[in-house]
Amino acid sequence: MPITRVHQSNFNRGEVDPNLISRNDLKSYGSSLKKARNVLVSNQGHVERRPGTVFRADLGANTRLESFIFSGSQEYIFAFQNTALKIYSTNGTLLQTITSCPWATSNLFELNFTQQGDTMIIVHETFMPTLIKRTGATSFAKSTFAFDTSVNGDRIFQPYYKFADSSVTLDCNSFTAGTGKTVTSSASYFTSSYVGTTLEISGTEATITAYTNATTITVTLKDNLEIELDADPLATQQGTKTIKVTQVAHGLTTGASVTISGCEDIFDVDGAGISSGSLNGAKTITVIDDDHYEYTAGGITNATESVDGGGARVVIQSHAPTRDWKEQVISDVHGFPKAIAFHEQRLYLAGVTNLPDLVAGSKIGDFFNFDLGEGADADSIQIQIASNEINEIRHLISGKVLEVLTNTAEFYLKPPVGKPVTPSDIQMVRQSSLGTQRKAVPRLFDGATVFVQNNGKTVREYLFSSSLEEFSSGAISIEAAHLINSPIDSAKITSLGNKPEQLYFLVNTDGTLAIYSSQRIQQILGWFLWETDGVIESITTTTDFIYIAVKRTINSADVYYLEQFATSVFDIPTDMTVTKTISGSYQPHGSPLTNGTVSSSSTFIIDGTTAAPNIGETFQFAGTGTVHTIQNVTATGNSNEYAIAIDSAVSQSDGVALQFVTSRTFTGLNSTPDMRGKVVHATAGSSEGSDVYYYGSATVTSGGVAVFDIPASAIDIGLSSTLEIKTLPVEPQIRTSGGSASLTSYPRKIAKATIELNNSYNVKLNGNDVLLNNTANINNLGVVDSYTGKKDVHFLGYDNEPDIEITQSVPLPLRILGITSEVYY
């Protein structure tokens, strides 16, 4: 019977889609797995059990997490909930709860964020952007975003846009500033929702104070309705009194009345022509085009020449019907931005409901000022995509350039070469036509922006090439598409303890966590999946740590916990882990006392217990002196009373307290976290390569009590996560007379597998436990020795697709460096 061997030394491509099981022609086949669940696939090629999680806080409700990083030493966890924000320290201490917030459970995962220094801004299309500002080491304040205003209060520096049809005019009954002015539109347009919003009529702001009907509103004019024209805006026509006026985008109609002031004489060299008195005053105009109109000068003198003039400060005042009016872009009427980013000293807002393709950038260094001014380099930038389809801007990403991701395509704001973006030199450039979903916000990761396409299955990286000055949008999830399930949240971390891996996370709608590991320069990439006993609802990361919001069903009720992934599986291998330490303040047996005098005896009666003592546990009388070990326990028949035998004879008075030093019984597991009804495991972590401790498993009672196999003084109690590693079918190439051939679909068997382990403590291959350690240690002290080396495991049976499945019976560290399969065919 022919024999061949196949060695897999690399697992860093992670888990691949089941549809690729026959694609042994893929370059990645030899370094991939059929399943990689609850493992960490390393850059170096090995695969190991993932770290467990530590319980940090009871969140109390559905939660979206986001980190707030003020400095390297001051980092916070923001927990967004229905109309509330809970702020936690990194160790899970609740610092503050902010109520009356504008978000709801239904839109938590549609929120977008940006942060600058001590301020985070939260946006959603249903509410005005909200600011959360750090005011102290443990205090924060909420406020509503407000645009800057002019010193005299007559200008709000916010974006304006004409949403109405271009032909619709407004007619104010007066051009003088003041309250109670009536404005009439030429078409039914207004609703009662407009009260409180601001219009810009011929450059003058007017706040709507009352609604009469669809064509009539009452406003407060903040300044006179007047326009200062450019220098010398008038032109005379030789031999006539006709004056042509240049007023860009004047919006007036023929027959309108305007009042002109500030005009200077327009004379020829001989001093003849039209005087200022004839040029100024109330005039009736005739419109020539959008930028010009004319009127007849007063007096009897005609122009001697056709010349430009009028002076440096010609002012036009008019309350005539005009098309030159706009509305504030951001309001209850037109919606609010859904995308936001700080980029190159500007604050950018985008994705307003009724103007979804507008990007508005603040003045440089003045984040709340969106004044267009005169279009100087530092003035506000406002640009629309204006393509041949609706582009709803969903995300703004501050990378090397400002990236603009929409529902249908990907763009970027192109600056001039070697300069920042300015109002006079700006382009919106389309790069690809794919579209991104709103949830699971894009993240900068490994030199690219990673985003989820609208189909909820394809994950892409938006990668900029400096040499080509363009982006590509390559798919990175093709080989593991089955792990992507309409993600709702995302995060990334660039370092995890002392490991070199950088990870990108996606929270799927089914509560699993799809993870992408990548090192672009080394061309290392792969996907794997983490899951737990419950539903992962959200994820965030600080500089060094990963936090998740988990919904678990405990004792037939849902609980919502904040948990932190351990840095290493050697620290914590279990989930929802809580540490219990026997001490004077924590005695899991209650307050046991000697019942009667003990005289030189190793057997005596105790009472006052709340939980039965167990063989192997240790204690001290009155908390001092010799530590005694319990050899036998017998219930007397009286409530909470037991006869115990210890390892030596003692003499004690009646009523002496027994203070336990080690215990098999641990209580208080019915609070936070609540573990009632769950099978939990007891461990004690250590540094990598050292002994770890496993004290057994137990089912937590309805009273929150767990009794383990081996006593301990300090113990980590948590849930096991199911590790599952499965190789792809072993596909050896065999030599033939014609060269080589594959054994695909040919009956064969893996007769022996040699698994190479490093610092591992427990492993099963194809359901069979592999003996690694001295079991006597486990029985006596809970010590589990670390194992490094190779183990041979033999199998029976032929298969057309032979593979190896690796699991564990208990949650302890496991690291696999390689697998060699001996194949018979």
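Residues numbered from 1 in each chain as written. Predicted model: local features only at pLDDT ≥ 70, side-chain atom pairs only at ≥ 80, totals over all residues. Heavy atoms only, no water.

J.: Sorry if this is basic, but what is going on with the overall build of the protein here?
T.: Of the regular secondary structure elements, the protein holds 2 helices and 71 strands. Taken against the 2.2 N^0.38 rule, which gives 28 Å for 825 residues, the C-alpha radius of gyration of the protein at 38 Å runs more than 25% over that of a compact globule. Projected onto the principal axes, the alpha-carbon positions of the protein cover approximately 135 × 90 × 40 Å. Across the 825 residues in the protein, those meeting the buried criterion constitute 53%. Counted over contacts in the protein with a minimum sequence separation of 6, partners at least 24 positions apart contribute 62%. For the protein, the exposed surface amounts to about 32,800 Å²; the carbon and sulfur share of it is 46%. The positive charge centre, built from 56 side chains, and the negative charge centre, built from 83, are 7 Å apart in the protein. (Helix = DSSP H or I, 4+ residues; strand = E, 2+ residues; numbered from the N terminus. Rg over C-alpha atoms; globule rule 2.2 N^0.38 Å. Buried < 20%, exposed > 50% of the residue type's maximum accessible area, 1.4 Å probe, protein only. Contact = heavy atoms within 4.5 Å. Areas by Shrake-Rupley, 256 points an atom, 1.4 Å probe, with all protein chains shown as cover. Lys, Arg positive; Asp, Glu negative; His and termini not counted. Charge placed at Lys NZ, Arg CZ, Asp CG, Glu CD.)

J.: Help me understand the side chain of Thr-532 in this model?
T.: Its place among the elements puts Thr-532 in the loop between strand E47 (524-530) and strand E48 (535-541). Of the residues examined, Thr-532 reaches a relative accessible area of 17% and is grouped as buried. A distance of 2.8 Å separates polar atoms of two side chains, one belonging to Thr-532 and the other to Asp-575. Apart from the residues lying within four places of it in its own chain, the contact partners of Thr-532 are Arg-50, Val-550, Arg-552 and Asp-575. (Polar contact = N/O pair within 3.5 Å; in protein donor to acceptor, adjacent residues only side chain to side chain.)

J.: Before we go on, may I ask you to explain the sheet that holds strand E16 (residues 178-185) in this structure?
T.: As a general point, the strands of a sheet are linked pairwise by backbone hydrogen bonds and lie either parallel or antiparallel. An order of E14-E31-E17-E18-E19-E16-E15 is seen for the 7 strands of this open sheet, with the pairing classed as antiparallel. Looking at the sheet topology across the chains shown, the edges are occupied by strand E14 (160-161) and strand E15 (170-172). (Pairing = 2+ DSSP bridges.)

J.: Please clarify how the sheet that holds strand E57 (residues 658-666) should be interpreted in this entry.
T.: Pairing is antiparallel across the open sheet formed by 7 strands, whose spatial order is E52-E53-E56-E55-E54-E57-E60. With partners counted over all chains shown, the strands left at the sheet margins are strand E52 (590-594) and strand E60 (706-712), one partner each. For this sheet, the mean angle separating the axes of adjacent strands, direction not counted, is 45 degrees. (Axes fitted to C-alpha atoms, helices over the stretch in contact; angles between N-to-C directions.)

J.: Please explain the layout of surface pockets as it appears in this structure.
T.: Reported here for the largest pocket is a volume of approximately 1,200 Å³. In terms of lining residues, the largest pocket is bounded by 34 residues, among which Glu-200, Ser-202, Gly-203, Ile-227 and Gly-373 are the most central. When residues of the lining of the largest pocket are traced back to their parent elements, those giving at least two are strand E18 (204-213) and strand E20 (226-228). Per element, the largest residue contribution to the lining of the largest pocket is 3 residues, and it comes from E20. Grouping the amino acids of the lining of the largest pocket by side-chain chemistry returns 11 nonpolar, 10 polar and 13 charged. Taken as a whole, the second largest pocket spans an internal volume of roughly 790 Å³. Forming the boundary of the second largest pocket are 28 residues, of which Glu-66, Phe-113, Thr-114, Pro-442 and Arg-443 lie nearest the centre. Taken together, the elements giving at least two residues each to the lining of the second largest pocket come down to strand E6 (64-71), strand E10 (112-116), strand E32 (339-343), strand E36 (393-398), strand E40 (443-445), strand E44 (489-493) and E48. (1 Å grid on protein atoms, 1.4 Å probe; cavity = no way out; pocket = protein on both sides within 12 Å on 5 of 7 lines; lining within 4 Å. Points joined across faces, edges and corners; volume = space filled by probe spheres on them. Nonpolar A, V, L, I, M, F, W, Y, C, P; charged D, E, K, R; others polar.)

J.: Please explain the nonpolar core as it appears in this structure.
T.: The nonpolar side chains of a soluble globular protein tend to be buried, and buried together. Ranked by internal contacts, the top residues of the largest apolar core, which has 62 residues, are Phe-78, Phe-80, Phe-505, Leu-765, Ile-806 and Ile-816. Of all the elements, strand E65 (residues 749-760) adds the most residues to this core, at 4 residues. Judged by nonpolar contacts, the second largest core, of 37 residues, contains Val-559, Val-598, Val-656 and Ala-682. (Core = buried A, V, L, I, M, F, W, Y, C linked by side-chain atoms within 4.5 Å.)

J.: Can you help me understand the pattern of salt bridges in this one?
T.: In the structure shown here, the tally under the stated rule is 31 salt bridges. Close ionic contact of Lys-363 with Asp-379 constitutes a salt bridge, the shortest N to O distance being 3.5 Å. Pair noted here: Lys-363 is in the loop between strand E34 (355-361) and strand E35 (381-384) and Asp-379 is in the loop between E34 and E35, with a separation of 16 residues, a long-range link. Lys-363 gets classed as partly exposed once you look at its relative accessible area, which sits at 21%. In this structure Asp-379 comes out as buried when scored by relative accessible area, which is 8%. With a closest N to O distance of 3.0 Å, Arg-394 and Glu-392 form a salt bridge. The same class applies to Arg-394 as to Glu-392, namely buried. Put simply, Glu-110, Glu-125, Lys-338, Glu-392, Arg-394 and Arg-438 are held in one network by salt bridges that share partners. (Salt bridge = Lys/Arg side-chain N within 4 Å of Asp/Glu carboxyl O.)

J.: Sorry if this is basic, but what is going on with unusual backbone geometry here?
T.: The general pattern is negative phi for most residues beyond glycine and trans for most peptide bonds. Omega for the peptide link from Thr-672 to Pro-673 comes to 0 degrees, which places this bond in the cis form. Tracing the backbone through its elements, the reader meets Pro-673 in the loop between E57 and strand E58 (679-684). Within the chain, Ala-440 stands out as a residue other than glycine whose phi angle is a positive 55 degrees. Among the structural elements, Ala-440 can be located in the loop between strand E39 (427-432) and E40. Take Ala-440: its relative accessible area is 2%, and that puts it in the buried class.

J.: Please clarify how the environment of Thr-581 should be interpreted in this entry.
T.: Structurally, Thr-581 is set in strand E51 (residues 575-581). For Thr-581, a relative accessible area of 42% translates into the label partly exposed. In the structure, Thr-581 is positioned 135 residues away from Asp-716 in sequence and 8.9 Å away in space, judged by C-alpha atoms. Setting aside residues no more than four positions away along its own chain, Thr-581 makes contact with Tyr-586, Ser-713 and Ala-714.

J.: Whenever I open this one, the pairing of strand E17 (residues 198-201) confuses me. Can you help?
T.: Two faces, one strand: in a regular strand the side chains alternate between the faces of the sheet. The side-chain alternation of E17 yields two buried faces, one formed by Thr-198 and Glu-200 and the other by Leu-199 and Ile-201. Pairing of E17 with E18, which is carried by 4 bridges, proceeds in the antiparallel orientation. In the strand pairing of E18, Leu-199 is matched with Ala-206. Hairpin connection of E17 to E18: 2 residues between the antiparallel strands, including Ser-202 at a positive phi of 50 degrees. Across 3 bridges, E17 lies against strand E31 (residues 325-328) in antiparallel orientation. Bridged to Leu-199 within E31 is Glu-327.

J.: Could you clarify how one ought to interpret the packing of aromatic side chains in this entry?
T.: The description of two aromatic rings rests on the distance between their centres and on the angle between their planes. Within the structure shown, the criterion is met by 37 aromatic pairs. Ring centres of Tyr-189 and Tyr-194 lie 5.8 Å apart, and the angle between their planes is 50 degrees; on these two criteria the pair is classed as tilted. Given the relative accessible area of 22%, Tyr-189 is considered partly exposed. Ring geometry for Phe-190 and Tyr-194: centres 5.2 Å apart, planes at 85 degrees, overall edge-to-face. Judged on exposure class, the residue Phe-190 and its partner Tyr-194 are both buried. By the ring-pair criterion, three or more aromatic residues cluster together here, those being Phe-68, Tyr-76, Phe-78, Phe-80, Trp-103, Phe-113, Phe-127 and Phe-140. Taking the ring centre of Trp-530 as reference, the NZ or CZ of Arg-50 above it sits at 5.8 Å. It is Arg-134 that lies over the ring of Phe-70; its NZ or CZ is 3.9 Å from the centre. (Phe/Tyr/Trp six-rings, centres within 6.5 Å; stacked < 30°, edge-to-face > 60°. Lys NZ or Arg CZ within 6 Å of the ring centre and 35° of its normal.)

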